[in-house]
Amino acid sequence: MSTNDDRGTAYSRWEAEPDTIDIGVDYHRPRETTRYPEWCAGKQGTALKIFLAILIFMVGIILGYLTRRHLVRIGTDCDDLMLGYSRQNGDMLKRELKAKNLEEFLSYFSSASHPAGSINNSQRAQYISQKWQEYGFAVQSKSYNVLLSFPNREAQNKVAVMNDKRAEVISIVPKDGSAADVDQPFVAYSMCPTDSDPCIQENQPVYVNYGRKEDFEKLKTIVGDDDAAKDKIVILRYGKIHKGNMVKNAKDAGAIAVVLFPDSKDYASDGTEPEKVYPNTWWLPGNGTERSTVYLGNGDPLTPGLPSIAEAYRLKEENLKGTFPDIPAQTIGYEDAQKILCGSNLLKGPEAPDEWQGPEGCSYNVGPGFVEQILTLQLVTHNKRDVTTITNVLAMVQGSVEPDRYVIIGNHRDSWTYGAIDAGSGTAILMELSRTLGKMLKQGWKPRRTIILASWDAKELGMIGSTEWTEEYEKLLGNRAVAYINLDAVVMGDYSLSASASPLLKRVIYESTKQVDCPHHEEMSVYENWNAKLNMKYGGETVPRVDILGSGTDTLPFIQTLGIPSMELTYTHDPARNIQMYPLYGTAYDDFSSVKQVTDPSFMMHLAMAQVIGISLLQLSDSLVLPFNVTHYAMAIQQYRDAFLDMEYFKDTPQSSDMVPIVERLKIAVANFSSAAEDFADRVTNTAMTNPLAVRAVNDQLMQLERSFIRNDIAVPGRYPQYKHVLFAPSSENAYEGVNLAGVVDSIMAAKASTDDENSWETVKRQLSLVTLSVQAATASLQDSIILS
């Protein structure tokens, strides 16, 4: 809660400030002689003194008994697996969550387009603040002035096929929504090399599949030219990797501009007839066009590593070169793309390989150039960048026992358009969970640890709101935050739960999903359905798969920069559909009707996910001992090590023999950590749960574990300094995907591509050393003493 000091400056009382008490003892005052009343003297007084002593002794015994009984009750009432977490509270939460409320919340939040910086988004922030106050929470709004990217509402971006007389043979003006509050499709932060408005680039087009590095390499072979993309406008179908990686790859190949499109083979694989696409199915109609970003970093581009507040140093915009790929990019729908790729004015040969081809009846050629040689492709964009105020809304439920330990649950509020799935489904669940927690508080429940609820702003452009907040409170969160739960596109399919998380949180997720019924299979839990559909081998048994956290999500500043264990859960689609996101993402068709009519008409999947997430939250906030499984982490590190050593690019490296001693030290460090994890788990089992100091010590060790893998000396070389986690980070090939030992992997790939062998392989050795040192630090964090016998 905020108040003002005598200078009128706002400050927060969320940090528990110790009270200062002036006892007021005057040590220089002479003692006065004490006189006892007459009834305290003689035999009568002696008897009275004995009686009082016995009375005090008996009262002490009674108080001691009551205190011990209370302490024992705390321990003995605990669940065998999750000490301190009450299944009764979990059941109460499940009963109180309502599908009807989830539907109503989603209906409101998706009723208008609300991108970052818009009036509609600000209104939703005020709505959340008001609701949280009604629920009885302390509420705070935090604003930051950040650099955002927008399309120009006064001028349309377009793609055109031009002839030699400067006439437009084909004019493509991407538009998939007619409402005034829906911005035209654009690619945020895509820049013009001359920084002019409009930005106009024109030349021959060339088609390069999904825009991956291997696609650009294959293009050289197909065309027989190592500079096949140089000075060309590259046409790429999206859906496999982050748009920022696609545009960066094009820039690195020498392209001057990029046209992105969703291929109907991927985004309307059942057919493009009206009855087979939105609003009748979840597939994308022909004019559906995604809004997206090429920003591969996170946070305000003008204040990297610093919060965007008045006191922070800010870069000048002209110094942003290298922050974004400095070539323009634009998205179009597949109907328009086919006019270029397989229409009457199609690209010339050679014919694209089978794996590069699109839908049946539309044969793609690669180019470069058109069959009719007088034609060229022109891209015109009018995008702009402005420093804009964004607002995070936060609420706090004070912890009853450990108020200085924070369990944070957050969701981004902004969306490219209506955002019914991304991130409306997550926002609806956050609001219904908030309402339920408020009601539970009134019924007598209190969390053991403080719960912080967060509505982030400007996530879609690059996790900006969450990053600015974590940068402002970096030290506080580094000392006090227990875990972070992220909600985003929580319900985007009807197949199975999907999870990405720190290995420490696997047990939390497994136990929560076991307590919730599967929304579409009777007599199955969410866990059982998940284990049947998306599983992996783990410690000799089959368990549900938990993926590594990547980018494109607000978990990034928590796990990558601060080392706070994080998790994100989604109800996803069948992976056999071979599409990364749900087809309507970022388009004007991601609206309430798509959810109500297609994705989740009964809102039972929303309800099941709210229950799973709510129980996970209660486990983390209420458990006496934090429900972190250190042996899960040990097994994960063993898997990371083994997967790395089995990778072909490592085994086939001639210099790998020089690293035998380094790799051996890593193996020893991993083995020592595994042993320490088992010993620690045994000690926790034998810890006296009646001793609050012993419990606190155990929890402090558990909190420190993830932070042991954070290195401020840049864990991932050549990439964003916010990526500090040595065990996993977003992939340099696809920011959406997390990879293990990213610094080692990236440095090996760079060394193999470098002509400076000696220095390049020294970087590899340093990265392996960082991993080994971090594993050793994690081992030490699990031990009782820095000096071992």
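Conventions adopted
- The numbering scheme is per chain: residues are counted from 1 as the chain's sequence reads.
- Only residues with pLDDT of 70 or above have their local features reported here, since the model is predicted, and side-chain atom pairs are shown and tallied only from 80 upward, although totals for entire chains, interfaces and linings are computed over all residues.
- Calculation of side-chain values draws on the structure's entire complement of heavy atoms; hydrogens and water are dropped beforehand.
- Only a pair of cysteine sulfur atoms within 2.5 Å qualifies as a disulfide here.
- Only protein chains enter the accessibility calculation, which uses a 1.4 Å probe. A residue is then buried if its area is under 20% of the maximum for its type, exposed if over 50%, and partly exposed in between.
- For the purposes of this entry, the term helix denotes a DSSP run of H or I that reaches at least four residues, the term strand denotes a run of E that reaches at least two, and both are numbered from the N terminus.
- Polar contact criterion, stated in full: a pair of N or O atoms within 3.5 Å, where within protein one must be able to donate a hydrogen and the other to accept it, and residues adjacent in sequence count only if both atoms are side-chain atoms.
- Only heavy atoms enter the contact rule, under which two residues are in contact if any of them lie within 4.5 Å.
- Buried Ala, Val, Leu, Ile, Met, Phe, Trp, Tyr and Cys residues form a nonpolar core when they are joined through side-chain atoms within 4.5 Å.
- Salt bridge, as used here: a side-chain nitrogen of Lys or Arg that lies within 4 Å of a carboxyl oxygen of Asp or Glu.
- In this description, strands pair whenever DSSP reports at least two bridges between them.
- In this scheme Phe, Tyr and Trp rings, the latter by its six-membered ring, pair at centre separations within 6.5 Å, and the angle between planes marks the pair as stacked below 30 degrees, edge-to-face above 60, and tilted otherwise.
- Geometrically, a charge over a ring is one whose NZ (Lys) or CZ (Arg) sits within 6 Å of the ring centre while staying within 35 degrees of the ring normal.
- For patches, a residue must show more than 30% relative accessible area and have no salt bridge; joins then use 9 Å for like charges and 5 Å for nonpolar side chains, namely Val, Leu, Ile, Met, Phe, Trp and Tyr.
- Only the protein chains shown count as cover for residues, and all accessible areas are computed by the Shrake-Rupley method using a 1.4 Å probe.
- In this tally Asp and Glu are treated as negative and Lys and Arg as positive; neither His nor the chain ends contributes.
- Lys charges are placed at NZ, Arg charges at CZ, Asp charges at CG and Glu charges at CD.
- Helix span, expected: 1.5 Å multiplied by one less than the number of residues in the helix.
- Fitting a line to C-alpha atoms yields each axis, with helices limited to the stretch in contact; the angle taken between N-to-C directions then spans 0 to 180 degrees.

(A) Spotlight on the state of the cysteines. Applying the stated criterion to the full structure yields two disulfides. Covalently, Cys192 is tied to Cys199 through a disulfide, its sulfur atoms 2.2 Å apart. Its S-S torsion of about 80 degrees marks the bond between Cys192 and Cys199 as right-handed, since a negative value means left-handed. Exposure remark for Cys192: the relative accessible area of 12% places this residue in the buried category. Paired through a disulfide, Cys342 and Cys362 show a sulfur-sulfur distance of 1.9 Å. Its torsion about the S-S bond being -95 degrees, the disulfide of Cys342 and Cys362 is classed as left-handed.

(B) Structural view of the side chain of Thr388. As for its position among the elements, Thr388 is in strand 14 (residues 384–397). At 3.2 Å, the side chain of Thr388 forms a polar contact with the backbone oxygen of Asp386. Residues in contact with Thr388, not counting those within four places in the same chain, are Gly117, Tyr144, Asn145, Val146, Leu148 and Phe150.

(C) Representation of the nonpolar core. In this structure, Trp132, Leu148 and Leu727 are the most contacted members of the largest nonpolar core, which totals 219 residues. If you tally residues by element for this core, the top one is helix 16 (residues 604–622), at eleven residues. Not counting the four nearest positions on each side in its chain, Leu148 is found in contact with Ala116, Gly117, Tyr189, Lys384, Arg385, Asp386, Thr388, Ile390, Ala458, Leu461 and Ile464.

(D) Quick look at the pattern of salt bridges. Counted by the stated rule, this structure contains 44 salt bridges. Here Glu214 and Arg212 are joined by a salt bridge, their closest N and O atoms 3.7 Å apart. Accessibility expressed as a relative area gives 23% for Arg212, which makes it partly exposed. In this structure, Lys220 and Glu217 form a salt bridge, with 3.2 Å as the shortest nitrogen-oxygen distance. Of the two residues, Lys220 and Glu217 are both situated in helix 5 (residues 213–223); the distance of three residues between them amounts to about one turn of the helix. What emerges from the salt-bridge pattern is a single network uniting Glu402, Asp404, Arg405, Arg448, Arg449, Arg696 and Asp700.

(E) Seen up close, the pairing of strand 13 (residues 376–381). For strand 13, the buried fraction is high: six of the six residues fall into the buried class. The pairing of strand 4 (residues 158–162) with strand 13 spans five bridges and is antiparallel. Within the sheet, the bridge partner assigned to Val161 lies in strand 13 and is Leu377. Pairing analysis gives five bridges linking strand 7 (residues 199–203) to strand 13, with the strands arranged antiparallel. Looking at the pairing, Asn203 lines up with Leu377 of strand 13.

(F) Region of the structure containing the packing of aromatic side chains. Applying the stated rule across the entire model yields 25 aromatic pairs. Each ring, one from Phe186 and one from Trp416, has its centre 5.9 Å from the other, and the planes form 80 degrees; the classification is edge-to-face. One end of the pair, Phe186, is in the loop between strand 5 (168–172) and strand 6 (187–188); the other, Trp416, is in the loop between strand 15 (402–412) and helix 9 (424–442), and 230 residues separate them in sequence. For the pair Phe186 and Trp416, one class covers both residues: buried. Linked through ring pairs, Trp456, Trp469, Tyr473, Tyr484 and Phe558 together constitute an aromatic cluster. A cation over a ring is seen here: Lys243 above Tyr238, with NZ or CZ 4.6 Å from the ring centre. Lys533 extends its terminal NZ or CZ atom over the ring of Tyr495, reaching a point 4.7 Å from the ring centre.

(G) Representation of a negative patch on the surface within the structure. There is a patch of like negative charges on the surface, built from Asp225, Asp226, Asp227 and Asp231. On the secondary structure map, Asp225 appears in the loop between helix 5 and strand 9 (233–237).

(H) Main features of helix 4 (residues 119–134). Between its terminal C-alpha atoms helix 4 stretches 23 Å, which fits the 22 Å expected from 16 residues at 1.5 Å a residue. The complete set of buried residues in helix 4 reads Asn120, Asn121, Arg124, Ala125, Tyr127, Ile128, Ser129 and Trp132. Those residues of helix 4 that are buried lie in contact with helix 3 (99–109), strand 3 (138–150), strand 14, helix 9 and strand 16 (449–456).

(I) Examining the sheet that holds strand 10 (residues 257–261) more closely. Spatial ordering of the open sheet is given by 8-9-10-12, a layout of four strands whose pairing is parallel. Where the open sheet ends on each side, the last strands, each with one partner, are strand 8 (205–207) and strand 12 (329–331). Sheet twist, expressed as the mean angle between neighbouring strand axes with direction ignored, is 25 degrees. Sheet topology places strand 8 next to strand 9; three bridges connect them, and they run parallel. Looking at the pairing, Val206 lines up with Val234 of strand 9. This element, helix 6 (residues 243–252), spans strand 9, strand 10 and strand 12 of the sheet and lies at about 145 degrees to strand 10.

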